[in-house]
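A structural walkthrough
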Amino acid sequence: MSISTVYGSCLDIDFEFFDSDGNPEDISGDEFGILSSSSSAFRDAVFSKPDPSNGRLHMFLSAEHARQLGIGNVNWFRLRRTMPGGCDDNTTPIWVHVQ
């Protein structure tokens, strides 16, 4: 996955989670965070669940923190999802290209 943004802009990223049959997953009881990243700025991301029963997650990174990202396709983060019971389901790197 790759996301493009303009330097100095906040990051608003929406994620949707589906099961193997293509149905939305209920993420109500799941916790989300940053597993690892190219910049400590990603650790200040704020997560919310606008529609958890339909697998919708929102990530917000303020313009102040986004200005700490490098110019170009050099920024990445891995999303950590911890499900009830402690099982982690982590993403591969998600790249953020800053123009």
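Quick look at the structure, then. (Residues numbered from 1 in each chain as written. Predicted model: local features only at pLDDT ≥ 70, side-chain atom pairs only at ≥ 80, totals over all residues. Heavy atoms only, no water.)

A word on the nonpolar core
Of all hydrophobic cores here, the largest spans 21 residues; its most connected members are Phe 15, Phe 42, Met 59, Leu 69 and Phe 77. Those elements giving two or more residues to this core turn out to be strand E2 (11–16), strand E3 (31–37), strand E5 (56–61), strand E6 (72–82) and strand E8 (94–98). Leaving out residues up to four positions away in the same chain, Phe 42 has contacts with Leu 11, Ile 34, Ser 37, Met 59, Leu 61, Leu 69, Asn 75, Trp 76, Phe 77 and Val 96. (Core = buried A, V, L, I, M, F, W, Y, C linked by side-chain atoms within 4.5 Å. Buried < 20%, exposed > 50% of the residue type's maximum accessible area, 1.4 Å probe, protein only. Helix = DSSP H or I, 4+ residues; strand = E, 2+ residues; numbered from the N terminus. Contact = heavy atoms within 4.5 Å.)

Notes on the pairing of strand E4 (residues 46–51)
Relative to E5, E4 runs antiparallel, the two being bridged by 4 bridges. Looking at E5, one finds that Val 46 is bridged to Phe 60. Between the end of E4 and the start of E5, which pair antiparallel, lie 4 residues, with Gly 55 showing a positive phi angle near 75°. (Pairing = 2+ DSSP bridges.)

A short note on the packing of aromatic side chains
Under the defined criterion, the tally for this structure stands at 2 aromatic pairs. Ring geometry for Phe 17 against Phe 32: centres 5.5 Å apart, planes inclined by 40°, an arrangement best described as tilted. Of this pair, Phe 17 sits in the loop between E2 and E3 while Phe 32 sits in strand E3, and the two are 15 residues apart along the sequence. According to the relative accessible area criterion, Phe 32 is buried, its value standing at 13%. The interplanar angle of 40° and the centroid separation of 5.0 Å between the aromatic rings of Phe 42 and Phe 77 together place this pair among those described as tilted. (Phe/Tyr/Trp six-rings, centres within 6.5 Å; stacked < 30°, edge-to-face > 60°.)

Side note on the sheet that holds E5
In a beta sheet, neighbouring strands are held together by backbone hydrogen bonds and run either parallel or antiparallel to one another. Across the sheet, which stays open at both edges, the 3 strands sit in the order E2-E5-E4 with antiparallel pairing between neighbours. Looking at which strands have only one partner, the edges of the open sheet turn out to be E2 and E4. Shown here is a sheet whose adjacent strand axes are inclined to one another by a mean of 25°, direction ignored. (Axes fitted to C-alpha atoms, helices over the stretch in contact; angles between N-to-C directions.)

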